[in-house]
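Coordinate analysis (summary)
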Amino acid sequence: LQLYNQEYWEISNLEVTESSGKGIYIGGSGFADLTYFRLTNLYSHHHGLHNGENAFAIGMYKKVSVHDVIIDNVVAHDAFRGIEVGGDCCNNPDIRSSDIIIRNSTVYDVENDGILVASSNNVLVEHNLAYNTGLQPEQENHTPNAIWNWDTDNALYQFNEAYQAHSPEWDGGAFDIDYFTDNSLYQYNYAHDNDAYCISVFGGNPAHITTNNVVRYNICSNNARDGSYDESRQGDIYLTNWYQGSIADTYIYNNTVYWNPAGPYYAIKVFNIFHGRDIINTNIYNNIIYSESPKLVYVDEFTDETALDYNLYWYTGTGDPEFYWDGTTYTSFSDYQVGSGQDVNGLYADPNLNSPTYHDTGMPTSQFTLQLNSPARNAGANLKLLGLQNDVGSQDFFGNHIPFGPFDIGAHEYHAAPKNPGN
């Protein structure tokens, strides 16, 4: 089904299958701006494998931008990519697609990305599920992730679940804030059992600094399942740059991580992978790292511009935990505090979580919540008072109200019982 140089369309209640090309495709003859599309209750599957053909392709890279798009309650599988919305690019907000909504949709069994929004402004991606993505046997086009954005401004990703993301080389993560991107907010998402990271922030081009991105109130569980990755390419919360790229003003707070990697990888990693320039003003606060691996924090080269505090760490195994800071590995939390000057108000203690190793399908409902005697209760920083964030959100992962203070550490703000997540 193709719309070419057309606009103001509503398409619903169709099954599209077994195309040798794309399933549902909206494009044009070049450098066009097309407006108003509603794609609802659609099922698109078994299309053009190994030919770069998507189940849903809306807009065209470096060619056609689309505006006022809603994709709601669609299912995509057995295609090269599940859902892709793109536009004219690159690093030029004035020519991008805009006002893009993708919600209530499911993507699985695809060779590349699950859901990708690229070259777009004002994006909302919520209540989606992507799993078993990145099945290509060797790299085609680019290395995939489950749900991510690139070359975008003002994107909100929330209440999404991603698992079993794969990749033939690197990436293979759940969520990714990629370069040419500013003002993304990822909150209330659940990533588990992916080959690589829970969420990344990347800087990869000298023409732009990836700026002002927020990662908060997410749950990351049992990721880094592929132990064949190079150590530099893994971490559950993972910031890296390359090709003279830079990252600035990143805020990562109140996330809960269960870290059980298949290789010798660190849970939090801030790293210059090759020929990057700067990673500046990185703020990592109020996170819980519950780990079966001793490798907890790795920050190298950008230590003057990286701040960690009010985080809670707990290593459940034998031996000592590891914190790598500016060329030195510390094997006790107190030595790390003194040597790095970080996490002065942090804790090394069992957070006393309910079901802290949960990594099943389905958004957590009571898992990862704080017990009454948790040391994480009332132990977090108020980021408003610290001047780090004016708007810290209105609720935690589970739908509980966030008070003015004191804050709890992690993705759960303690109440007698958690509400249903996804509100």
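One can find the structure itself at the top, above this paragraph.
Presented here is an overview of the structure given in this document. (Residues numbered from 1 in each chain as written. Predicted model: local features only at pLDDT ≥ 70, side-chain atom pairs only at ≥ 80, totals over all residues. Heavy atoms only, no water.)

1. Observations concerning the overall build of the protein chain
How we decide: Comment: elements are numbered from the N terminus, with helices defined as DSSP H or I runs of at least four residues and strands as E runs of at least two. As a reference, a globule follows 2.2 Å times the number of residues to the power 0.38, and the radius of gyration itself is taken over C-alpha atoms. Exposure categories follow from relative accessible area, calculated using a 1.4 Å probe and restricted to protein chains: below 20% of the type maximum is buried, above 50% is exposed, and the middle band is partly exposed. Whether two residues are in contact is decided by their heavy atoms, any of which lying within 4.5 Å being enough. Throughout, the Shrake-Rupley method with a 1.4 Å probe supplies accessible areas, and for residues the shown protein chains are the sole cover considered.
Looking only at helices and strands, the protein chain has one helix and 31 strands in total. Expected size for 423 residues packed as a compact globule is a radius of gyration near 22 Å; at 21 Å, the protein chain falls within 12% of this value. Across its three principal directions, the C-alpha atoms of the protein chain cover 60 × 45 × 40 Å. Per-residue burial for the protein chain yields a buried fraction of 62% across its 423 residues. Partitioning the contacts of the protein chain with sequence separation of at least 6, the portion at a separation of at least 24 is 77%. When the accessible area of the protein chain is evaluated, it comes to approximately 14800 Å², of which 44% is carbon and sulfur surface.

2. Brief notes about the pattern of salt bridges
The test is simple: Only one rule defines a salt bridge in this text: a Lys or Arg side-chain nitrogen within 4 Å of an Asp or Glu carboxyl oxygen.
Under the criterion given, the structure shown has eight salt bridges. The residue arginine 38 makes a salt bridge to aspartate 68 at a minimum N-O spacing of 3.0 Å. With arginine 38 in strand β4 (residues 33–45) and aspartate 68 in strand β6 (residues 65–79), this pair connects stretches of sequence that are 30 residues apart. Close ionic contact of glutamate 322 with lysine 295 constitutes a salt bridge, the shortest N to O distance being 2.9 Å. Of this pair, glutamate 322 sits in strand β29 (residues 322–325) while lysine 295 is found in strand β26 (residues 295–299), placing the two residues 27 residues apart along the sequence. Each of Arg81, Glu84 and Asp113 takes part in a single network of salt bridges with overlapping partners.

3. Things to note about the side chain of asparagine 241
Test applied: The term polar contact refers here to a pair of N or O atoms within 3.5 Å; inside protein, the definition further demands a hydrogen-donor-capable atom paired with an acceptor-capable atom, and it admits residues adjacent in sequence only when both atoms are side-chain atoms.
For asparagine 241, the position within the fold is in strand β20 (residues 237–242). At 3.4 Å, the side chain of asparagine 241 and the backbone oxygen of aspartate 278 are in polar contact. Excluding residues within four positions of it along the chain, asparagine 241 makes contact with Gly203, Ser246, Phe271, Asn272, Ile273, Phe274, Gly276, Arg277, Asp278, Ile279 and Phe302.

4. Digging into the pairing of β20
We count it as follows: At least two DSSP bridges between two strands are needed for those strands to be called paired.
Most of β20 sits out of view: six of its six residues are buried. Bridging between strand β17 (residues 199–203) and β20 involves five bridges; their strand directions are parallel. Bridge pairing in β20 places glycine 203 opposite asparagine 241. By the bridge criterion, six bridges tie β20 to strand β23 (residues 268–274) in an arrangement that is parallel. For tryptophan 242, the partnering residue across the bridge sits in β23 and is phenylalanine 274.

5. Digging into the state of the cysteines
The following threshold applies: Disulfides are defined in this document as cysteine sulfur pairs within 2.5 Å.
A full pass over the atoms with the stated rule returns two disulfides. Disulfide pairing is shown between cysteine 89 and cysteine 90; the S-S distance is 2.0 Å. Looking at cysteine 90, the relative accessible area reads 27%, which means it is partly exposed. At a sulfur-sulfur separation of 2.1 Å, the disulfide partner of cysteine 198 is cysteine 220. Across the S-S bond linking cysteine 198 and cysteine 220, the dihedral sits near -60°, which makes this disulfide left-handed. Linking cysteine 198 in the loop between β16 (190–192) and β17 with cysteine 220 in strand β19 (residues 219–221), this pair joins segments that are 22 residues apart in sequence.

6. Some points on the packing of aromatic side chains
Any pair of aromatic rings gets described here by the distance separating the centres and the angle formed by the planes. How we decide: Aromatic pairing here means that ring centres of Phe, Tyr or Trp (its six-membered ring) are within 6.5 Å. Orientation follows from the plane angle: under 30 degrees is stacked, over 60 is edge-to-face, and everything else is tilted.
Overall, the coordinates contain 31 aromatic pairs when judged by the stated rule. Look at tryptophan 150 and phenylalanine 180: their rings are 6.0 Å apart centre to centre, the planes differ by 45°, and that puts the pair in the tilted class. Of this pair, tryptophan 150 sits in strand β12 (residues 147–158) while phenylalanine 180 is found in the loop between β14 (175–177) and β15 (182–187), placing the two residues 30 residues apart along the sequence. Summarising the burial analysis for this pair, tryptophan 150 and phenylalanine 180 share the class buried. Ring centres of tyrosine 313 and phenylalanine 333 lie 5.8 Å apart, and the angle between their planes is 50°; on these two criteria the pair is classed as tilted. Taken together, the residues tyrosine 313 in strand β28 (residues 312–315) and phenylalanine 333 in helix α1 (residues 333–340) connect sequence positions 20 residues apart.

7. Here's the deal with α1
To keep it simple, the criterion reads: The arc in question is the one spanned by the directions pointing from the helix axis to the C-beta atoms.
Listing the buried residues of α1 in full gives Phe333, Tyr336, Gln337 and Ser340. The buried residues of α1 occupy one face: seen down the axis, they fall within an arc of 100°. In this structure, the buried side of α1 is in contact with β27 (306–309), β28, β29, β30 (328–330) and β31 (347–348). Just past α1, the residue glycine 341 takes up positive phi, approximately 75°.

8. Side note on the environment of serine 29
Note that serine 29 resides in the loop between β3 (24–27) and β4. In this structure serine 29 comes out as partly exposed when scored by relative accessible area, which is 47%. Residues serine 29 and methionine 60 lie 31 residues apart in sequence; the distance between their C-alpha atoms is 9.7 Å. Ignoring anything within four residues of it in the chain, the contact list for serine 29 reads Tyr4, Asn5 and Lys63.

9. Observations concerning unusual backbone geometry
Cis geometry is adopted by the peptide bond preceding cysteine 90, which originates at cysteine 89 and carries an omega value of 20°. Following the sequence through the fold, cysteine 90 ends up in the loop between β7 (81–85) and β8 (97–103). Here asparagine 13, not a glycine, exhibits a phi torsion of approximately 60°, which is positive. Relative to the assigned elements, asparagine 13 resides in strand β2 (residues 9–17). Overall, the relative accessible area of 58% leaves asparagine 13 in the exposed class. Non-glycine residue aspartate 68 carries a positive phi angle of around 55°. The partly exposed category is assigned to aspartate 68, whose relative accessible area is 28%.

So yeah, pure geometry; function would need other evidence.
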